[in-house]
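Structural characterization, general
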Amino acid sequence: QKEVEQDPGPLSVPEGAIVSLNCTYSNSAFQYFMWYRQYSRKGPELLMYTYSSGNKEDGRFTAQVDKSSKYISLFIRDSQPSDSATYLCAMSAADYKLSFGAGTTVTVRA
Amino acid sequence: DAGVTQSPTHLIKTRGQHVTLRCSPISGHKSVSWYQQVLGQGPQFIFQYYEKEERGRGNFPDRFSARQFPNYSSELNVNALLLGDSALYLCASSRQGAQAMYGYTFGSGTRLTVV
């Protein structure tokens, strides 16, 4: 079993729809949770960072963490074609490494 | 302000050869990490260096090695290349010391193809 599970999709939505992404994990030591966006042939770009359980909102993006269920989510409201990318969840146990999910490929259709 | 820079951007090597990949962190960042991203998968941790010392190593064979220089730039070396080493190699830097909890800033990567 992988430490971090993420459905690779692909996910295709019309412009303006809400995009819902999620990851599950097995390592109880994870305390820090991140979402990265990766465009084709580019490195990942940090979108959201959350510590422990709870919600965090930044513009059109909302990140949720439920440590009791070992489940994290990212919601993108009013999605735009420029949001088309691969979204990676990542987690850390406050040590030196990030553990990533496989990434979900999202296409927002104009 | 320049981001994390990696060179070269693309590279084609033959099985059995050696390769050196280079990374310059963001100015002021003392931590450099290397990740391997195989097509269709998430990045996998290879190494982390902080203040020129190795702080962590992922589950990669001894063919993979790295070092960090006094100016905090870093090199990743891979010996005896295998077809399975074909991947995007990402370098990431952080100002927050050795810990990954605040996330990293990644470069655009070096795409290595082994034929």
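See the structure above.
Residues numbered from 1 in each chain as written. Chains lettered and ligands numbered in written order. Predicted model: local features only at pLDDT ≥ 70, side-chain atom pairs only at ≥ 80, totals over all residues. Heavy atoms only, no water.

Attention now moves to the overall build of chain A. For chain A, the helix and strand inventory stands at zero helices and 11 strands. Considering only C-alpha atoms, chain A reaches an extent of 40 × 25 × 20 Å along its principal axes. Taken over 110 residues, chain A has a buried fraction of 42%. Look at the contacts in chain A between residues 6 or more apart in sequence, and 53% of them connect residues 24 or more apart. With an accessible surface of roughly 5200 Å², chain A has 47% of that area assigned to carbon and sulfur atoms. Side-chain charges in chain A split into 11 positive and 11 negative, and the spacing between the mean points of these groups amounts to 4 Å. (Helix = DSSP H or I, 4+ residues; strand = E, 2+ residues; numbered from the N terminus. Buried < 20%, exposed > 50% of the residue type's maximum accessible area, 1.4 Å probe, protein only. Contact = heavy atoms within 4.5 Å. Areas by Shrake-Rupley, 256 points an atom, 1.4 Å probe, with all protein chains shown as cover. Lys, Arg positive; Asp, Glu negative; His and termini not counted. Charge placed at Lys NZ, Arg CZ, Asp CG, Glu CD.)

With the rule as written, the count across this model stands at two disulfides over all chains. Disulfide pairing places Cys23 of chain A opposite Cys89 of chain A at an S-S distance of 2.0 Å. Its torsion about the S-S bond being -105°, the disulfide of Cys23 of chain A and Cys89 of chain A is classed as left-handed. With Cys23 of chain A in strand β3 (residues 19-25) and Cys89 of chain A in strand β9 (residues 85-92), this pair connects stretches of sequence that are 66 residues apart. Across this residue pair, the class does not change: Cys23 of chain A and Cys89 of chain A are buried. A sulfur-sulfur distance of 1.8 Å marks the disulfide that ties Cys23 of chain B to Cys91 of chain B. What sets the handedness of the Cys23 of chain B and Cys91 of chain B disulfide is the S-S torsion sign, and at about -65° it is left-handed. (Disulfide = S-S within 2.5 Å.)

Let us look at the pattern of salt bridges. Counted according to the given criterion, the structure contains nine salt bridges over all chains. Between Glu45 of chain A and Arg37 of chain A there is a salt bridge; the shortest N-O distance is 3.1 Å. Of the residues examined, Arg37 of chain A reaches a relative accessible area of 13% and is grouped as buried. As a salt-bridge pair, Asp83 of chain A and Arg60 of chain A come within 2.8 Å of each other at their nearest N and O atoms. With Asp83 of chain A in the loop between β8 (71-76) and β9 and Arg60 of chain A in the loop between β6 (54-58) and β7 (61-66), the pair connects residues that are 23 residues apart, well separated along the chain. Each of Arg22, Arg67 and Glu75 of chain B takes part in salt bridges that share partners, so that together they form one network. (Salt bridge = Lys/Arg side-chain N within 4 Å of Asp/Glu carboxyl O.)

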